[in-house]
Each structure stands twice: as structure tokens, then as C-alpha cells.
Amino acid sequence: QVQLVESGGGLVQAGGSLRLSCAASGIIFSANTMAWYRQPPGKQRELVADITSGGSTNYVDSVKGRFTISRDNAKNTVYLQMNSLKPEDTAVYYCYAQHRILQRYNYWGQGTQVTVSS
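Worth saying up front: this structure is predicted, and the values here are computed from it rather than measured. (Residues numbered from 1 in each chain as written. Predicted model: local features only at pLDDT ≥ 70, side-chain atom pairs only at ≥ 80, totals over all residues. Heavy atoms only, no water.)

A. Layout of the overall build of the chain. Broken down by element type, the chain carries 0 helices and 11 strands. Its helices and strands taken in sequence order, the chain reads β-β-β-β-β-β-β-β-β-β-β from the N to the C terminus. For the chain, the C-alpha radius of gyration of 14 Å lies close to 13 Å, the compact-globule estimate for 118 residues. When its C-alpha atoms are laid out on the principal axes, the chain stretches across 40 × 25 × 25 Å. Classification of the 118 residues of the chain by burial places 41% in the buried group. (Helix = DSSP H or I, 4+ residues; strand = E, 2+ residues; numbered from the N terminus. Rg over C-alpha atoms; globule rule 2.2 N^0.38 Å. Buried < 20%, exposed > 50% of the residue type's maximum accessible area, 1.4 Å probe, protein only.)

B. Structural view of the pairing of strand S3 (residues 18-25). Here strand S1 (residues 3-7) pairs with S3 via 5 bridges, running antiparallel. Bridge assignment links Val5 to a residue of S3, and that residue is Ala23. One ladder, built from 6 bridges, connects S3 with strand S8 (residues 77-82); its direction is antiparallel. Counted as the bridge partner of Cys22 is Val78 from S8. (Pairing = 2+ DSSP bridges.)

C. Spotlight on the pattern of salt bridges. Inspection of the entire model under this criterion finds 4 salt bridges. Linking Glu46 and Arg38 is a salt bridge whose minimum nitrogen-to-oxygen distance equals 2.7 Å. Among the ionic pairs, Asp61 bridges to Lys64, the shortest N-O distance being 2.9 Å. (Salt bridge = Lys/Arg side-chain N within 4 Å of Asp/Glu carboxyl O.)

D. View of unusual backbone geometry. One non-glycine residue, Asn76, lies in the positive phi region at around 55°. Along the polypeptide, Asn76 turns up in the loop between strand S7 (67-72) and S8. Look at Ser84: it is not a glycine, yet its phi comes out positive at around 50°. Looking at the secondary structure, you find Ser84 in the loop between S8 and strand S9 (91-99). Given the relative accessible area of 39%, Ser84 is considered partly exposed.

E. Geometry of the environment of Thr52. Turning to its location among the elements, Thr52 is positioned in the loop between strand S5 (46-51) and strand S6 (57-59). For Thr52 and Asn32, which are 20 residues apart along the polypeptide, the C-alpha to C-alpha distance reads 6.9 Å. In this structure, Thr52 is in contact with Asn32, Thr33 and Arg71, ignoring residues within four places of it in sequence. (Contact = heavy atoms within 4.5 Å.)

F. Structural view of the sheet that holds S3. Ordered in space as S1-S3-S8-S7, the 4 strands form an open sheet in which the pairing is antiparallel. Because the sheet does not close on itself, it has two edges, and the strands there are S1 and S7. Across the sheet, the axes of successive neighbouring strands diverge by a mean angle of 15°, strand direction being ignored. With 6 bridges connecting them, S7 and S8 associate as antiparallel partners. Each residue of the ladder has a partner; that of Thr68, found in S8, is Gln81. (Axes fitted to C-alpha atoms, helices over the stretch in contact; angles between N-to-C directions.)

Below, the structure is given as C-alpha cells:
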């Protein structure tokens, strides 16, 4: 049974920081590309950042220089460090895993709410 469990969301003032964590189980973590998506209220879900099994990273332009994605394969955990938060970062943040070769094997977490007040 695959589980992706997010934590670390909450309410923060603009300019503040949060660190999201996603603990994975039931998958070969090191063989998966891991990603964070977000869905703002009334909008579509969008990719925020991803990190390959080899450690290469990719970010949406709106978070470059503010957010950092990282992974700890020993702990089966992926992180999203979010600094200089803005009200427009308010969203439900979802963890996503996709096998780097067998891409039909992909999974979502339940999401964690991030609210940035102005």
C-alpha cells in the first residue's frame, strides 16, 4: 500500500517561511521522481517543483529563488523549503511520486494547506 503523507503546512505571514515534508512508504523511493504541486482556491493544480532520483531539480518561475526542493532517500522523504512567502502562494500543496521508468506508477498525497496572510 502506497502512502504519501504531507506535513508542515499552516498559516504564516507574508515574508515568512515554512518547510513541507512528505514521507513516502510502499514505493522504492530512490527510483521515483518526487514533486510538489499546489492548487490555489478556484484554480487548477500546478507543478511547483520536482526532483529526480539523481537529484536534478526544476521549479516553476514564480517560486525560483524562494523555494527549495530536496530529498533524503535514507528517510524516504522529500521536502519543500518555502521562504519569502507571498499571499499568492496560498494553496493546498500536494506531494507526488512517479517511478522514473515505469511512469504509469504515480501517486498523490492528500495535501496540506498553506495560507499566507498579507
